[in-house]
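Examination of the molecular architecture
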Amino acid sequence: MGTSANGSPDGPGVITVTASRSYEVIVGENLLKDAGSYICRVVSPAAAVIVSDDNVAPLYGQAVAASLEKEGISALLWTFPHGEDSKNASTLFSLLEFMAEHGITRSDLIIALGGGVTGDMAGFAASIYLRGIPYVQIPTSLLAAVDSSVGGKTAVDLNAGKNLAGTFYQPRLVLCDIRTLDTLPDSEFSCGMAEVIKYGVLCDTELFDLVKTGDARRHLDFIIRRCVSIKRDLVKKDEYDTGSRQLLNLGHTLGHAVEKLSHYTTSHGNAVGIGMVAIARCAYAAGLAPSDCSDDIAAALSAYGLPTSCPYETAQLCEVIRRDKKRSGQGINLVIPRQIGDTYLYRMDIDQLEVFFGKCN
Ligand code: NAD
Ligand code: GLY
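**Quick notes on the overall build of the chain**
Assigned secondary structure in the chain consists of 13 helices and 13 strands. Taking 2.2 N^0.38 as the reference for a compact globule, 361 residues should give roughly 21 Å; the C-alpha atoms of the chain span a radius of gyration of 20 Å, in line with that estimate. By sequence separation, contacts in the chain at least 24 residues apart represent 73% of the contacts at least 6 residues apart. About 14,100 Å² of surface is accessible on the chain, with carbon and sulfur atoms providing 49% of the total. Looking at the chain, you have 32 positive and 41 negative side-chain charges, and the mean spots of the two groups are 5 Å apart.

Shown next as structure tokens:
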């Protein structure tokens with residue numbers, strides 16, 4: 001998959017993302033204590049704001065701060081309450097105010113230390129503070145490691161829906177220390193596995209077969225590198241999400257609607273899993289796929305205790321999907337699995353959605 005090992009045979013793997021800014025994704029064990037030194041290879045800030053939620057900050061904030069101080073970078077830790085509820089304009093502006101009060105300049109740095117909520121919000125803050133300052137992603141959830149920390153999509157949620165305000169803004173570095181996943185609760189690990197399974201369904205039967213039995217924890221290094229490599233390839237082709245990058249939205253159209261209808265009590269990973277099963281089943285029922293791979297997807301999700309059936313009515317879901325940011329004009333691009341490992345984009349008129357999802361929901 002184009003992943004190259006760097007240093008000793010057991011050393012960290014390095015995957016280079018080529019986009020409007022090129023950067024490395026470094027995947028390995030026990031990297032946090034050297035975070036400052038990795039960071040100094042790509043930027044030279046006088047100060048860094050470590051953005052982290054109240055679960056992750058007590059676990060890893062100090063290690064990252066100490067590694068920065070070892071390199072002569074003064075570290076400030078800014079913490080917010082964990083969870084999707086915090087991914088909003090109010091938290092974002094509190095962070096911006098904090099940076100301004102502490103005199104953070106354009107040559108300083110933001111570090112997103114945490115899951116996808118932290119990464120999306122800190123990345124957004126970096127893209128708009130002083131019209132853009134550098135940032136580094138240090139993912140600590142599986143979801144962030146395999147997906148959200150790479151590719152430069154940043155966002156906060158609005159009342160009307162998820163990720164409705166955001167930017168494309170690439171980080172300077174992604175530093176993924178696999179050992180941080182040791183403290184990730186099992187339920188959060190499973191959420192990340194929904195995205196891993198997504199990559200398998202998308203284009204990688206070997207990955208799908210490896211993880212479908214439920215023992216992904218044994219292969220984390222391989223899995224993360226593989227997923228990041230797939231994402232790297234899609235981002236290189238279509239950084240701004242006008243074409244093939246949209247394949248990464250497999251399961252997300254219905255998934256985002258489930259998240260919204262649950263008032264974000266259903267996690268992103270759980271919702272994406274539900275969305276993948278539904279789209280596979282409905283696509284087969286509608287004659288858009290030659291085979292029905294929904295049972296295989298559901299079995300893989302179940303192996304991680306993830307839900308597979310949708311608790312909402314089709315009409316409710318379609319009402320939310322009509323407001324989805326992925327909609328353009330009168331249509332929306334759906335990601336359809338032909339079979340495991342083979343997917344394509346299909347543009348559907350918004351008026352046909354209810355019939356389509358009604359076939360099997
Ligand atoms: P999250 O950031 O809320 O993390 C999940 C939970 O795990 C939180 O409670 C967090 O405190 C905790 N946690 C994280 N790392 C931990 C660790 N090592 N030890 C103990 N606890 C830990 O959510 P998430 O699932 O990481 O990410 C979901 C978010 O990512 C959603 O907002 C979604 O929209 C976004 N996302 C963005 C992209 C993108 O390309 N930007 C892609 C996919 C998802
Ligand atoms: N997670 C979707 C994307 O990065 O495009």
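**Describing the packing of aromatic side chains**
What the rule picks out here adds up to four aromatic pairs. For the ring pair Tyr135 and Tyr169, a centre distance of 5.7 Å and an interplane angle of 10 degrees mean the geometry is stacked. In this pair, Tyr135 sits in strand E7 (residues 135-139) while Tyr169 sits in the loop between strand E9 (161-168) and strand E10 (173-177), placing the two residues 34 residues apart along the sequence. Here the guanidinium or amino end of Arg217 rests over the ring plane of Phe189, the centre of that ring lying 4.0 Å away.

**Some details on helix H12 (residues 314-321)**
Here H12 has its buried residues at Thr314, Leu317, Cys318, Val320 and Ile321. The arc enclosing the buried residues of H12, seen along the axis, measures out at 160 degrees, which places them on a common side. Lining the buried residues of H12 we find helix H9 (252-261), strand E12 (331-339) and helix H13 (353-358).

**With respect to the side chain of Asp204**
Among the structural elements, Asp204 can be located in the loop between helix H6 (186-203) and helix H7 (205-211). Reaching out from Asp204, the side chain makes a polar contact with the side chain of Arg226 at a distance of 2.7 Å. Aside from chain neighbours lying at most four places away, what touches Asp204 is Tyr199, Arg226, Ile230 and Gly341.

**A short note on the pairing of E10**
Burial of E10 is extensive: five of the five residues sit out of reach of the surface. Burial along E10 is two-sided: the face carrying Leu173, Leu175 and Asp177 and the face carrying Val174 and Cys176 are both buried. As paired elements, E7 and E10 share two bridges and run parallel to each other. Within the sheet, the bridge partner assigned to Val136 lies in E10 and is Leu173.

**Some remarks on the site of ligand 1**
Surrounding ligand 1, one finds 27 residues, the nearest of these being Asp53, Glu84, Gly116, Ser141 and Lys162. Separating an oxygen atom of ligand 1 from a backbone N or O atom of Val117 is a distance of 3.0 Å. Lys153 is positioned with one of its backbone polar atoms (N or O) 3.0 Å from a nitrogen atom of ligand 1. Going through the elements one at a time, helix H2 (56-70), helix H4 (116-128), helix H5 (142-148) and E9 are the ones with two or more residues in the shell around ligand 1. Partitioning the shell around ligand 1 into residue classes produces seven nonpolar, eleven polar and nine charged.

**Brief notes about the environment of Phe124**
Relative to the helices and strands, Phe124 is located in helix H4. Classification of Phe124 by relative accessible area gives buried; the value is 9%. For the pair Phe124 and Ser141, spaced 17 residues apart in sequence, the C-alpha separation works out to 19 Å. With residues near it in sequence (within four places) discarded, Phe124 still touches Leu92, Thr154, Ala155, Val156, Ala165, Gly166 and Thr167.

**Things to note about helix H10 (residues 268-285)**
An ideal rise of 1.5 Å per residue puts 26 Å on 18 residues; H10 measures up with 26 Å between its terminal C-alpha atoms. For H10, a buried count of 14 out of 18 residues is recorded, marking the element as mostly surrounded by other parts of the structure. In the segment just after H10, Gly287 is the residue with positive phi, at about 75 degrees.

**Regarding the state of the cysteines**
This structure, assessed with the given rule, holds zero disulfides. Sulfur of Cys203: no disulfide; nearest cysteine sulfur belongs to Cys227 and is 9.0 Å away.

**A look at the pairing of strand E4 (residues 47-53)**
Counting buried residues along E4, seven of its seven residues qualify, which places the element largely inside the surrounding structure. Burial of E4 is two-sided: the residues Ala47, Val49, Val51 and Asp53 facing one way and the residues Ala48, Ile50 and Ser52 facing the other way are all buried. A crossover connection joins E4 to the parallel strand E5 (residues 74-80) through H2; in handedness this β-α-β unit is right-handed. Where E4 meets strand E6 (residues 109-114), four bridges bridge the pair, whose relative direction is parallel. Looking at the pairing, Ile50 lines up with Ile111 of E6.

**Considering the packing of H9 against H10**
One way to put it is that H9 packs onto H10 with a least axis distance of 7 Å and a crossing angle of 135 degrees. In terms of orientation, H9 lies oblique with respect to H10. Crossing geometry of H9 relative to H10 is assigned as right-handed. Here His252, Leu254, Gly255, His256, Val258 and Glu259 of H9 come into contact with H10, specifically with His268, Ala271, Val272, Ile274, Gly275 and Ala278. Here the residues of the contact of H9 with H10 sort into six nonpolar, five polar and one charged.

Cut-offs and rules
Residues numbered from 1 in each chain as written. Chains lettered and ligands numbered in written order. Predicted model: local features only at pLDDT ≥ 70, side-chain atom pairs only at ≥ 80, totals over all residues. Heavy atoms only, no water. Helix = DSSP H or I, 4+ residues; strand = E, 2+ residues; numbered from the N terminus. Rg over C-alpha atoms; globule rule 2.2 N^0.38 Å. Contact = heavy atoms within 4.5 Å. Areas by Shrake-Rupley, 256 points an atom, 1.4 Å probe, with all protein chains shown as cover. Lys, Arg positive; Asp, Glu negative; His and termini not counted. Charge placed at Lys NZ, Arg CZ, Asp CG, Glu CD. Phe/Tyr/Trp six-rings, centres within 6.5 Å; stacked < 30°, edge-to-face > 60°. Lys NZ or Arg CZ within 6 Å of the ring centre and 35° of its normal. Buried < 20%, exposed > 50% of the residue type's maximum accessible area, 1.4 Å probe, protein only. Arc of directions from axis to C-beta. Polar contact = N/O pair within 3.5 Å; in protein donor to acceptor, adjacent residues only side chain to side chain. Pairing = 2+ DSSP bridges. Near = heavy atom within 4 Å. Nonpolar A, V, L, I, M, F, W, Y, C, P; charged D, E, K, R; others polar. Expected span 1.5 Å × (residues − 1). Disulfide = S-S within 2.5 Å. Right-handed = clockwise from strand over helix to strand, strands pointing away. Axes fitted to C-alpha atoms, helices over the stretch in contact; angles between N-to-C directions. Parallel < 35°, antiparallel > 145°, perpendicular 65-115°, else oblique. Left-handed = near helix turned anticlockwise from the far one by under 90°.

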